[in-house]
Amino acid sequence: MAESGAPQMSLLEKKIDDQIEYYFGDHNLPRDKFLKEQIQLDDGWVPLETMIKFNRLSCLTTDFKVILEALSKSQTGLLEISEDKTKIRRSPSKPLPEINDQYKDEIKNRSVYVKGFPTDITLDELKEWFNDKGNVENIQMRRTLQRQFKGSVFVVFDTDVSAKKFVAQKDLKYKDAEMIVLLKEDYFKKKNEDRKHHRAEVKAKAKHEKEEKQKQAEDEEMKSLDEQTGCLLKFSGELEDQTSREDLQELFSGHGMIKWIDFTRGAKEGTILFKSNAKEALDKAKAAHGDNLQIKKKDVTWELLEGDDEKETLKKIIEDQQQSLNRKRGRGGRKFGGRGGRRERGGRDQGKLQYQGKKTTFESEDECDPETASAEKKVKDEEAEAPLSQQPKTEPASPKKRALDDVKAEEVGEPASKQMKTENGSGKQ
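My aim in this report is to walk through the structure given alongside it, one point at a time. Every chain is numbered independently, its residues counted from 1 as its sequence is written. Local features in a predicted model are, by the rule used here, given only for residues with pLDDT of at least 70; side-chain atom pairs are given and counted only at 80 or more, and totals for whole chains, interfaces and linings are based on all residues. The basis for the side-chain values is all heavy atoms of the structure; hydrogens and waters are excluded.

1. So, the overall build of the protein
Okay, so step 1: When you go through the protein residue by residue, the secondary structure sums to twelve helices and 16 strands.
Okay, so step 2: A 1.4 Å probe rolled over the protein chains alone gives each residue an accessible area, and that area as a share of the maximum for its type sets the label: buried under 20%, exposed over 50%, partly exposed in between. Burial statistics for the protein: of 429 residues in total, 41% are counted as buried. For the purposes of this entry, the term helix denotes a DSSP run of H or I that reaches at least four residues, the term strand denotes a run of E that reaches at least two, and both are numbered from the N terminus.

In structure tokens:
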């Protein structure tokens, strides 16, 4: 609009020109839905009456004459004024760049991450600070989902040389606060590394806590072994291949309450854990079926376990059941499983030994942290806002073992992924 040698702008005029050129600039216009709709209505022309409804411009002025005076002094050639002085548009000679991978990479190479600003700083104060730091095209204020400023920005310089020159500066400060400055690409690499390290720490901590809880629960189980002496009965013999736990349950039905049976169909020996004294159960069964207590007409040797043998067998029962339970969790199996008999009937599940523990699961690692969102994510710019008028599925349990107790699963996950909110602003001064 203005030729070389045109009168210099006042401070207000420069702010007005910068603001309007930002609205129609490469960084804002492609993602400003409202403004894009407006320029489709009249060959790119937008009435000044519409423009003064934009917040940041209206805070500067709503006087058409002041706006036109400022734009007429601009030497960028980006905007045109209509003959009747009522509308403006982006010059057709300066079309928007094609938003492709090459363009995105070029913008990324000119972008810098800067952190250390106070959370109550304004965009105008940021512009002022960057005024002598190079030719800044765009300032993106990074915000939380609740629109709170994070204290960091992404800044786009006019060239990658300018960006690298800014990053190379030493001891950059805002007032007394030291700034963290990285090229945007380096920032994302660092954040991804930090995320991986954090996930590894979380997993390691969760695994350690799980192991500690499991160990504590096992210790509690072992402490209770002394209270369970005299409850184990071992049997062995040339049993039929089709001998099952149900045969043992039937044999001792009414004579002793069974808590758990360690026996696999086809095996020649096994162990029965009774709720009370195993000798009493054996004596009652012999009294009912004869001293030569058989299983399906097969001779069997019955042995009451005592002392260290009893404790080791009980310990093995606990360990085997925990391994079985962990395997079922790993494949999404049901909470009730393994060996045992029906509760309080001398059969399966009766008086089960209990293992107390918790399952910890993790949210998908593909979840994206807001700090590491895509470098090219497009967000709404405050400056470019519209006018003010406007029970897991279960599997059958293995017949080889029955869980001593069901264990509740406590899901531990990270918060849901958050959306990065930003405020953009022209950095031209």
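2. Structural notes on the environment of Glu-80
Okay, so step 1: Structurally, Glu-80 is set in strand β2 (residues 79-81).
Okay, so step 2: Definition of a polar contact: a pair of N or O atoms within 3.5 Å, with one able to donate and the other able to accept a hydrogen when the atoms are protein atoms, and with sequence-neighbouring residues admitted only if both atoms are side-chain atoms. At a separation of 3.4 Å, a polar atom in the side chain of Glu-80 contacts the side chain of Ser-91.

3. Here's the deal with unusual backbone geometry
Okay, so step 1: For Arg-147, which is not a glycine, the phi torsion comes out positive at approximately 70 degrees.
Okay, so step 2: Within the fold, Arg-147 resides in the loop between β5 (136-143) and β6 (149-157).
Okay, so step 3: A positive phi angle is found at Lys-297, which is not glycine, with a value near 65 degrees.
Okay, so step 4: With respect to the helices and strands, the residue Lys-297 is situated in the loop between α11 (278-289) and β13 (301-304).
Okay, so step 5: Take Lys-297: its relative accessible area is 75%, and that puts it in the exposed class.

4. A few points about the environment of Ser-253
Okay, so step 1: For Ser-253, the position within the fold is in the loop between α10 (245-252) and β11 (258-262).
Okay, so step 2: The class of Ser-253 is partly exposed, set by a relative accessible area of 41%.
Okay, so step 3: A sequence separation of 32 residues divides Ser-253 from Ala-285, and the C-alpha atoms of the two residues are 8.5 Å apart.

5. A closer look at a negative patch on the surface
Okay, so step 1: The patches described consist of residues with a relative accessible area above 30% and no salt bridge, like charges being joined within 9 Å and nonpolar side chains (Val, Leu, Ile, Met, Phe, Trp, Tyr) within 5 Å. Here, Shrake-Rupley sampling with a 1.4 Å probe gives the accessible areas, and only protein chains in the shown set may cover a residue. The term salt bridge refers to a side-chain nitrogen of Lys or Arg lying within 4 Å of a carboxyl oxygen of Asp or Glu. Under this rule, positive means Lys or Arg and negative means Asp or Glu; His and the chain ends count for nothing. Taken as the charge centre is NZ of Lys, CZ of Arg, CG of Asp or CD of Glu, depending on the residue. On the surface, Glu-303, Glu-306, Asp-308, Asp-309, Glu-312 and Glu-319 cluster together into a patch of negative charge.
Okay, so step 2: Broken down by element, the residue count for the negative patch peaks at four residues, all from helix α12 (residues 307-330).
Okay, so step 3: Residue position: Glu-312 is located in helix α12.

6. Let's talk about the sheet that holds strand β1 (residues 46-47)
Okay, so step 1: Here a strand pair is declared whenever DSSP counts at least two bridges between the two strands. The three strands are arranged β1-β3-β2 in an open sheet whose pairing can be described as antiparallel. The two strands at the open ends of the sheet, each matched to only one other strand, are β1 and β2.
Okay, so step 2: Inspection of the sheet shows β2 paired to strand β3 (residues 87-90) by three bridges, in the antiparallel sense. Each bridged residue has a counterpart across the sheet, and for Leu-79 the counterpart in β3 is Arg-90.

7. Focus: the sheet that holds strand β12 (residues 269-274)
Okay, so step 1: Taking strand neighbours across the sheet as the criterion, the four strands line up as β11-β12-β10-β13 in an open arrangement whose pairing is antiparallel. Single-partner strands in this sheet number two, and they are β11 and β13. Adjacent strand axes in the sheet meet at a mean angle of 20 degrees when their direction is disregarded.
Okay, so step 2: As judged from the four bridges shared by strand β10 (residues 232-236) and β13, these two strands associate in the antiparallel manner. Counted as the bridge partner of Leu-233 is Leu-304 from β13.
Okay, so step 3: Contacts were defined at the residue level, with two residues in contact if any of their heavy atoms lie within 4.5 Å. Lines fitted to C-alpha atoms define the axes, with helix axes restricted to the stretch in contact, and inter-axis angles between N-to-C directions lie between 0 and 180 degrees. Of the strands in this sheet, β10, β11, β12 and β13 touch α10, which is tilted by about 145 degrees from β11.

8. Some thoughts on the packing of aromatic side chains
The description of an aromatic ring pair rests on the distance of the ring centres and on the angle between the ring planes.
Okay, so step 1: Each pair of aromatic rings taken from Phe, Tyr and Trp, with Trp reduced to its six-membered ring, is defined by centres within 6.5 Å and is described as stacked if the planes are under 30 degrees apart, edge-to-face if over 60, and tilted in the remaining cases. Counted by the stated rule, this structure contains 19 aromatic pairs.
Okay, so step 2: Linked through ring pairs, Phe-117, Trp-129, Phe-130, Phe-157, Phe-166 and Tyr-174 together constitute an aromatic cluster.
Okay, so step 3: Distance and angle both matter: a charge sits over a ring if NZ of Lys or CZ of Arg is within 6 Å of the ring centre and within 35 degrees of the ring normal. Its end group placed over the ring of Trp-129, Lys-133 keeps NZ or CZ at 4.2 Å from the ring centre.
Okay, so step 4: In this structure, Lys-184 is placed above the aromatic ring of Phe-154, and the distance from its NZ or CZ to the ring centre is 4.4 Å.

9. Overview of α10
Okay, so step 1: Summarising burial for α10: six of the eight residues are buried, a large majority.
Okay, so step 2: Buried within α10 we find Arg-245, Asp-247, Leu-248, Gln-249, Leu-251 and Phe-252.
Okay, so step 3: Structurally, α10 contributes buried residues whose contacts are with β10, β11, β12, α11 and β13.
Okay, so step 4: In the segment just after α10, Gly-254 is the residue with positive phi, at about 85 degrees.

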